[in-house]
There are 2 protein chains.
Amino acid sequence: MTITQLKYALAIAEHQNFTKAAEKCFVTQPTLSTQIQKLEDELDVIIFDRGKKPIELTDVGRKIVFQARNIVNEAERIQDIVDQQKGFIGGEFRLGIIPTVMPTLLPMFLKNFIKAYPKVKLKIEELTTEEILTRISDGHLDAAIAATPLESDNIKERVLYYEPFVAYIPDNHRLKDKKTIEIEDLEIEDMLLLEDGHCFRDGVINLCKTFKDQIDDSFQLESGSIETLIKLSNEGMGMTLLPYLHTLDIKEKLNPNLRHFAEPSPAREVSIIFHKSELKMQIIDALHNSISGIIRGAIAFSNVEIISPLPK
Amino acid sequence: MTITQLKYALAIAEHQNFTKAAEKCFVTQPTLSTQIQKLEDELDVIIFDRGKKPIELTDVGRKIVFQARNIVNEAERIQDIVDQQKGFIGGEFRLGIIPTVMPTLLPMFLKNFIKAYPKVKLKIEELTTEEILTRISDGHLDAAIAATPLESDNIKERVLYYEPFVAYIPDNHRLKDKKTIEIEDLEIEDMLLLEDGHCFRDGVINLCKTFKDQIDDSFQLESGSIETLIKLSNEGMGMTLLPYLHTLDIKEKLNPNLRHFAEPSPAREVSIIFHKSELKMQIIDALHNSISGIIRGAIAFSNVEIISPLPK
DNA sequence: GTAATTTTATAGTCTAAATCAATTAAAATG
DNA sequence: CATTTTAATTGATTTAGACTATAAAATTAC
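Procedures and definitions
Residues numbered from 1 in each chain as written. Chains lettered and ligands numbered in written order. Predicted model: local features only at pLDDT ≥ 70, side-chain atom pairs only at ≥ 80, totals over all residues. Heavy atoms only, no water. Near = heavy atom within 4 Å. Polar contact = N/O pair within 3.5 Å; in protein donor to acceptor, adjacent residues only side chain to side chain. Helix = DSSP H or I, 4+ residues; strand = E, 2+ residues; numbered from the N terminus. Contact = heavy atoms within 4.5 Å. Buried area = accessible area lost by both parts, 1.4 Å probe. Salt bridge = Lys/Arg side-chain N within 4 Å of Asp/Glu carboxyl O. Nonpolar A, V, L, I, M, F, W, Y, C, P; charged D, E, K, R; others polar. Expected span 1.5 Å × (residues − 1). Pairing = 2+ DSSP bridges. Right-handed = clockwise from strand over helix to strand, strands pointing away. Least-squares fit on C-alpha atoms with pLDDT ≥ 70 in both. Buried < 20%, exposed > 50% of the residue type's maximum accessible area, 1.4 Å probe, protein only. UniProt positions renumbered as here; feature names shortened; annotations may be inferred. Axes fitted to C-alpha atoms, helices over the stretch in contact; angles between N-to-C directions. Parallel < 35°, antiparallel > 145°, perpendicular 65-115°, else oblique. Left-handed = near helix turned anticlockwise from the far one by under 90°. Core = buried A, V, L, I, M, F, W, Y, C linked by side-chain atoms within 4.5 Å.

**Student:** Please give an account of the protein's contact with DNA strand D that cites residues and values.
**Tutor:** Every one of the 19 residues lining DNA strand D counts as a neighbour, but Gln29 and Arg50 of chain A together with Thr28, Thr31 and Lys38 of chain B are closest to it. Between a base nitrogen of DNA strand D and a side-chain N or O atom of Gln29 of chain A, the distance comes to 2.8 Å. Thr28 of chain B places a main-chain nitrogen or oxygen 2.8 Å from a phosphate oxygen of DNA strand D. Elements supplying a minimum of two residues to the surface near DNA strand D: helix 2 (18–25) and helix 3 (29–43) of chain A together with helix 3 (29–43) of chain B.

This is how it looks when you write it as structure tokens:
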């Protein structure tokens, strides 16, 4: 049994197809066929059920592939150890970011980061929290930036910053004349919420929930972007809540519509999250430092109340 | 990087010697030399410092070998998964047993066990608790039978039975005329204790400690075997405590010297312990079942008070 | 301080294993 | 039923792993 064979098995399990898996492994398809056969012969079990199309794992196969994932992960940590020893910070790094963080945070730190760590090949994807969790678990992402705490078993979190919510009150809204908003003022019925893998949205719902127990989701409107949200709000669909960093680049003429909360401000916790195996930890540390440094100048709030992104 | 190379590195790290490691791996010494060189070339680090005799690990080398242990352990679990799937219970299994359990328990279950599981090649070693803990941690033992709880990080425990202590009171001892012994009767000064990787001995000391805070170890005598202990006791060196199973095969003429404790009897907890990775769990389960079944007839006590084997 | 011994590294050879290109076989699709 | 997709097979080629023999280096013995 070799690590290579296990990697092949993982690729086939993932793509459910020898040919595609072979491409991903940069070998020919017969190579995969023979290597998997050798593995199956050595263990004397059938791992893949070729009877079904697309190919499926047998029951043992599923367990073996799960364990193979562990072995391959642990094996990759050897290179990690060496990199750490050499102080080398580089290689491919796949980072996921949730939609409501992506457009504000990324421009702030990316330039600095690639300058500070030119050997790191960052591959950034905009993903929902849900997608992020599965992709960190299955090894397709090295880390991600999301609202926390998530309380997910296989995933560790390291807080980057706390981002207060700022209310956007359209003209003619009942709260228009208040200078600062109280949490008690929020009514889920006249609030526009952003669908964001449920995470930002659930955070806001939790905020209102403390004062309203019954929520009828059918009245809520969900939009795909902060910009749409503001436009809808301006057309009289209700007020909305914006993460603080988004308010920094809002058009100046709309600024009068922004209302800060009375302290402690409701806020979301934004963290870099990664698999508990702590693979590529040097790069995660580098990202952490890089982002923390940038954000320190932008967010000065200290007295905040964290809103959980989890439903209920 | 191959699993084989990692195994070679582990062997060399253990024996600090290429030649001896080669023998253990059933290959020639040049094979090890070249494979380790290939591994070092690929990772571009030096793992072994050949400058020193005996050979030493470099700092990175130590980390790499530690990780290699993880990888090899995880890799061996693949075969485990397959065995479990097939219901196969077999292969080599290295079991450690502490001295005060070995002579009584082993004859009781061994015959039955090898009959029930003929494919398991049991390798049994008599070891102290301390030796057992290091050998389970470094993978030289698959499991062991010892007094518990041990509260060791990497090790899981599964209780096999509770074994009460029985007092052995020599003729002319101050307690000779009591029918049953109370814990309060015990005096650490006239007690003979068996050195047993400190575990049985510490258990008894704990027992007395509840009534005496100061112990002067210089007065205590330690012997290597239960038989010697009884003889010394008979020569007026003091009373002693025997684990219940030992009293079953004591010579009949000495039986009058045995005194049971008033309930709840002080007892030791005897468990099968194993690495937290739960490798070869089917065999551990088989041993557990086998021993539990046998012991059920022999020990009928229920109202017991557990004495911890840990110092202090 | 040199000889003997132990231990690791190197060289050259052999064998087995891994991979590839080309082809066949089998299944799914249209 | 023909076409397409996909896995298995074949045979050649390259690579990797292991061996024997030997050299080099270090340690120990005398």
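**Student:** Describe the protein's contact with DNA strand C, with residues and values.
**Tutor:** Contacts to DNA strand C come from 19 residues, most closely from Thr28, Thr31 and Lys38 of chain A together with Gln29 and Arg50 of chain B. The contact atoms of DNA strand C, taken as those within 4 Å of the protein, divide so that sugar and phosphate hold 74%. Note that a phosphate oxygen of DNA strand C is positioned 3.0 Å from one of the side-chain N or O atoms of Ser33 of chain B. Between DNA strand C and the protein, one listed contact pairs a phosphate oxygen with a side-chain N or O atom of Gln37 of chain B at 3.1 Å. Elements with a minimum of two residues in the surface near DNA strand C: helix 3 of chain A together with helix 2 (18–25) and helix 3 of chain B. Looking at the surface near DNA strand C element by element, the count peaks at five residues for helix 3 of chain A.

**Student:** Can you explain the interface of chain A and chain B? Please cite residues and give values.
**Tutor:** On the side of chain B, 23 residues touch chain A, which itself brings 23 residues to the contact. It is Gln67, Ile78 and Ile81 of chain A that lose the most area in chain A upon contact with chain B, and together they represent 25% of the buried surface on that side. If you look at where chain A meets chain B, you find two salt bridges. Between chain A and chain B we count six residue pairs in polar contact (both at pLDDT 80 or more) in total. Put simply, the parts of the chain that give the side of chain A that touches chain B at least two residues each are helix 1 (3–15) and helix 4 (59–86) of chain A. Here the side of chain A that touches chain B gets 16 residues from one element, more than from any other, and that element is helix 4 of chain A. Split into classes, the residues belonging to the side of chain A that touches chain B amount to 13 nonpolar, five polar and five charged.

**Student:** Outline the pattern of salt bridges, supporting the account with residue identities and numerical values.
**Tutor:** Residues and elements named next belong to chain A. What the rule picks out here adds up to 24 salt bridges over all chains. Taking the shortest distance from any N to any O, the salt bridge between Glu40 and Arg50 comes out at 2.9 Å. One end of the pair, Glu40, is in helix 3; the other, Arg50, is in the loop between strand 1 (48–49) and strand 2 (56–57), and 10 residues separate them in sequence. Residues joined in a network through salt bridges with shared partners are Glu92, Arg94, Lys123, Asp142 and Lys280.

**Student:** Which residues make up the side chain of His275 of chain A, and what values do they have?
**Tutor:** Residue and element names in this part refer to chain A. Of note, His275 is situated in strand 11 (residues 265–275). A polar atom in the side chain of His275 sits 3.0 Å from the side chain of Ser277. His275 has contacts with Ile136, Ser137 and Asn154, leaving out every residue within four places of it along the chain.

**Student:** Before we move on, can you summarise helix 4 of chain A with the specific residues and values?
**Tutor:** Between its terminal C-alpha atoms helix 4 of chain A stretches 42 Å, which fits the 40 Å expected from 28 residues at 1.5 Å a residue. Looking at the residues trailing helix 4 of chain A, positive phi occurs at Gly87 of chain A, about 70 degrees.

**Student:** So, the pairing of strand 4 (residues 120–126) of chain A: which residues are in play, and what are the values?
**Tutor:** Residues and elements named next belong to chain A. Bridge analysis of strand 3 (residues 91–97) against strand 4 gives seven bridges, and the strand direction is parallel. Following the sheet pairing, Glu92 is matched in strand 4 by Lys121. Chirality of the crossover, the property in question, places the unit of strand 3, helix 5 (residues 102–116) and strand 4 among those that are right-handed.

**Student:** Describe the relation of the copies chain A and chain B, listing the residues and the values that go with them.
**Tutor:** Superposing the two chain copies requires a rotation about an axis and a translation along that axis. For the pair chain A and chain B, the relating rotation is 179 degrees, the translation along its axis is 0.3 Å, and the fit reaches an RMSD of 0.2 Å. Read as a symmetry element, the transformation amounts to a two-fold axis. The residues that chain A uses at the interface reappear at the interface of chain B in 100% of cases, marking a shared surface.

**Student:** Break down the pairing of strand 9 (residues 239–243) of chain A for me, with residues and values.
**Tutor:** By the criterion of burial, strand 9 of chain A is predominantly enclosed, with five of the five residues buried. Alternating residues of strand 9 of chain A divide into Met239, Leu241 and Pro243 of chain A and Thr240 and Leu242 of chain A, and every residue in both groups is buried.

**Student:** Could you give an account of the UniProt feature "domain: HTH lysR-type" (unreviewed entry) in chain A, with specific residues and numbers?
**Tutor:** Following the UniProt record, the feature "domain: HTH lysR-type" (unreviewed entry) maps to residues 1–58 of chain A here. Between the C-alpha atoms that bound residues 1–58 of chain A there is a distance of 19 Å. The span itself is 62% helix and 7% strand.

**Student:** Can you lay out the packing of helix 1 of chain A against helix 2 of chain A for me, pointing to particular residues and giving the numbers?
**Tutor:** All names here are of chain A. Their axes nearest at 8 Å, the elements helix 1 and helix 2 cross at an angle of 130 degrees. Considered as vectors, helix 1 and helix 2 are oriented oblique to each other. Viewed along their axes, helix 1 and helix 2 form a crossing whose handedness is right-handed. Residues Tyr8, Ala11, Ile12 and His15 of helix 1 form the contact with helix 2, whose participating residues are Phe18, Lys20, Ala21, Lys24 and Cys25. Here the residues of the contact of helix 1 with helix 2 are counted per class, giving six nonpolar, one polar and two charged.

**Student:** Go over the nonpolar core with me, naming the residues and quoting the values.
**Tutor:** The nonpolar side chains of soluble globular proteins are, as a tendency, buried together. In this structure, Phe48 and Ile64 of chain A together with Phe48 and Ile64 of chain B are the most contacted members of the largest nonpolar core, which totals 59 residues. Aside from chain neighbours lying at most four places away, what touches Phe48 of chain A is Ala9, Ile12, Ala13, Ile36, Glu40, Ile55, Glu56, Leu57 and Thr58 of chain A. Val101, Leu105, Phe113 and Met281 of chain B belong to the second-largest nonpolar core, a separate cluster that totals 48 residues.

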